[in-house]
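Residue-level structure breakdown
Each chain, written out:
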Amino acid sequence: MLALRLTRAARPAVQLRRLLVAAASTGTGFLLLSCLGYALRHPESADAAALRLVWCAVPLAATAYLALAVARTDPGTRARTGLSAVGLGPARLMAMSALTTALSCTLGSLLALLVFLRLRGDPTGLPFGGTAADFLAADQPLPVPAALTLLLLVPVPATATVALFLRPRDPRPAAGRRRFGRFGAYRRSTAQETFGTYGRFGARRDRPPAGSRTSEAAADPDDSGDATAPDTGTGTAPEPPVQDPEPARTIPASQGTPAGLPWGTSVLVTGLAVHSYAGHEALAVLLGWLLIATGLVLAAPGLTHLCGRLLQSVRPGALRLLAGRALMAEATRIGRPLGVVCAVASAGYAMTTLYTGPAPAFGPLTTLGAAQVTGCAVATLLTAAVETRQCRADTTAALLRLGAPATMLRAAAALRAAALLAVFGPLTLAVATLAALPANR
């Protein structure tokens, strides 16, 4: 009930993003039902029907990724001060995010079922010039359990993805947690010690020598005296007792270099190699493009971080420093959606422009799937930009209070966009050209 109230009371921009998730779910559900209709229409072509179902994994992954991006920017399920006192802890907020995602995806799946049934119920006015009869199977009875099972393939993975990535995590660093040592003693060191270490004098902590004033004061805390008073017997002040040092507080490094660039490059090269030897095998082509997309997603945060470093090179001014530091801090959040857009643009450019072989047949379902994947990729990138703006709201407000002009902030944003376009534009063209080389031979 609380999730429904938060969903209803959200702002129009939030509702629009949720409607985008529902629309993506509608398209994916319709593609899945079309695979079922093709299988009913052609029972002798089981392999072709299974291949169509496998290709639906691409729009399904795009829909789940968009649902995750929308859930991360939902202000209604964001942690705030005092919510835990009323029972809205991190786990409850994660559950509400997952429930909101499930509601949006379920609405889209039901809409896809209604559209599919509406088209099946009017065999005389079939759309797309009658070509829709191949996947609607209007003359065959529709198995309801199979249709419902296919429709569940959309909300279940999307909800599970949101719940997995937004699950509560322990904010304490691992180095600062207390650990139980031998005999129930607390320790913070992870080094292994032998049993005789506990028996040696002074092994656990630096203790003053026996008979000194410091050791007497530590042994008798009620008669420790003034720690600042000079020692008239030896001429030196007594040393304070050695205490167990506090663990160093680890501050999350937002400027750290993402470690996925070498792995992403390796996976990208592997995907290009698989695609080059794929020929006309549909599964091999799909595997190659999945590897290419995975490599681009892994390498894109490192490339975004590199863009930030290049902007700050060679005696930068305030504008380039601001733009470069922002790119370095937002490398992971912006880089991954950029990698997805780069992969989708590479695939589309290679198939429509650089492909010189026999003209591929782009039917209505292929056009729908391509449009949906492209739309999900672009919508995910825009949603990530919204999330970045929300995370930088405090920094932007502080800069404005310090007197930074708003025109400089807009110029920094334009400079960041130009730097990303200058790096990812040629990369997209290079990947598309290399992927289209085997088809041109």
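Read on for an overview of the structure. (Residues numbered from 1 in each chain as written. Predicted model: local features only at pLDDT ≥ 70, side-chain atom pairs only at ≥ 80, totals over all residues. Heavy atoms only, no water.)

**A closer look at the overall build of the protein chain**
Looking only at helices and strands, the protein chain features 16 helices and 2 strands. In the protein chain, the proportion of contacts linking residues at least 24 apart, taken out of those at least 6 apart, comes to 75%. (Helix = DSSP H or I, 4+ residues; strand = E, 2+ residues; numbered from the N terminus. Contact = heavy atoms within 4.5 Å.)

**What about the nonpolar core?**
Note on soluble globular proteins: their nonpolar side chains tend to be buried together. Counting 19 residues, the largest nonpolar core has F30, L33 and F116 as the members making the most contacts within it. Put simply, the parts of the chain that give this core at least two residues each are helix 2 (12-41), helix 5 (90-120), helix 6 (133-136) and helix 7 (144-152). In terms of residues, this core owes the most to one element, helix 2, which gives 6 residues. Beyond its immediate sequence surroundings of up to four residues, L33 is in contact with A112, L113, F116, F135, A147 and L151. Ranked by size, the runner-up nonpolar core spans 15 residues in total, among them A323, L327, A412 and A419. (Core = buried A, V, L, I, M, F, W, Y, C linked by side-chain atoms within 4.5 Å. Buried < 20%, exposed > 50% of the residue type's maximum accessible area, 1.4 Å probe, protein only.)

**Observations regarding the pattern of salt bridges**
This structure, assessed with the given rule, holds 4 salt bridges. Linking R392 and E330 is a salt bridge whose minimum nitrogen-to-oxygen distance equals 3.3 Å. With a gap of 62 residues between them, R392 in the loop between helix 14 (364-391) and helix 15 (393-401) and E330 in the loop between helix 12 (318-329) and helix 13 (331-354) connect regions that are remote in the sequence. The burial state of R392 is the same as that of E330; both residues are buried. (Salt bridge = Lys/Arg side-chain N within 4 Å of Asp/Glu carboxyl O.)

**A look at the environment of C342**
With respect to the helices, strands and loops of the structure, C342 is situated in helix 13. On the accessibility criterion, C342 (3% relative accessible area) is buried. The sequence separation of C342 and V431 amounts to 89 residues, and the corresponding C-alpha distance is 8.9 Å. Residues in contact with C342, not counting those within four places in the same chain, are L296, F424, L427 and T428.

**Side note on empty space enclosed by the protein**
Applying the stated rule across the entire model yields 1 cavity of 30 Å³ or more. Its boundaries defined by the atoms lining it, the largest cavity holds a volume of some 80 Å³. Residue assignment for the lining of the largest cavity shows that the elements contributing at least two residues are helix 2, helix 4 (57-72) and helix 5. Per element, the largest residue contribution to the lining of the largest cavity is 4 residues, and it comes from helix 5. (1 Å grid on protein atoms, 1.4 Å probe; cavity = no way out; pocket = protein on both sides within 12 Å on 5 of 7 lines; lining within 4 Å. Points joined across faces, edges and corners; volume = space filled by probe spheres on them.)

**As for the packing of aromatic side chains**
If you walk through the whole model with that rule in mind, you get 1 aromatic pair. Taking 6.0 Å as the distance between ring centres and 70 degrees as the angle between the ring planes, the aromatic pair formed by F30 and F116 counts as edge-to-face. Pair noted here: F30 is in helix 2 and F116 is in helix 5, with a separation of 86 residues, a long-range link. For R52, the ring lying beneath its charged end belongs to Y38, and the centroid distance is 3.9 Å. (Phe/Tyr/Trp six-rings, centres within 6.5 Å; stacked < 30°, edge-to-face > 60°. Lys NZ or Arg CZ within 6 Å of the ring centre and 35° of its normal.)

**Some words on the side chain of T388**
By the element assignment, T388 lies in helix 14. T388 has contacts with E330, R333 and I334, leaving out every residue within four places of it along the chain.

**Let's talk about the packing of helix 2 against helix 3 (residues 46-55)**
For the pair helix 2 and helix 3, the least separation of the axes is 9 Å and the interaxial angle reads 180 degrees. Considering the angle they form, helix 2 stands roughly antiparallel to helix 3. Facing helix 2, whose interface residues are L32, C35, Y38 and A39, helix 3 presents A48, A49, R52 and L53. Grouping the constituent residues of the contact of helix 2 with helix 3 by class yields 7 nonpolar, no polar and 1 charged. (Axes fitted to C-alpha atoms, helices over the stretch in contact; angles between N-to-C directions. Parallel < 35°, antiparallel > 145°, perpendicular 65-115°, else oblique. Nonpolar A, V, L, I, M, F, W, Y, C, P; charged D, E, K, R; others polar.)

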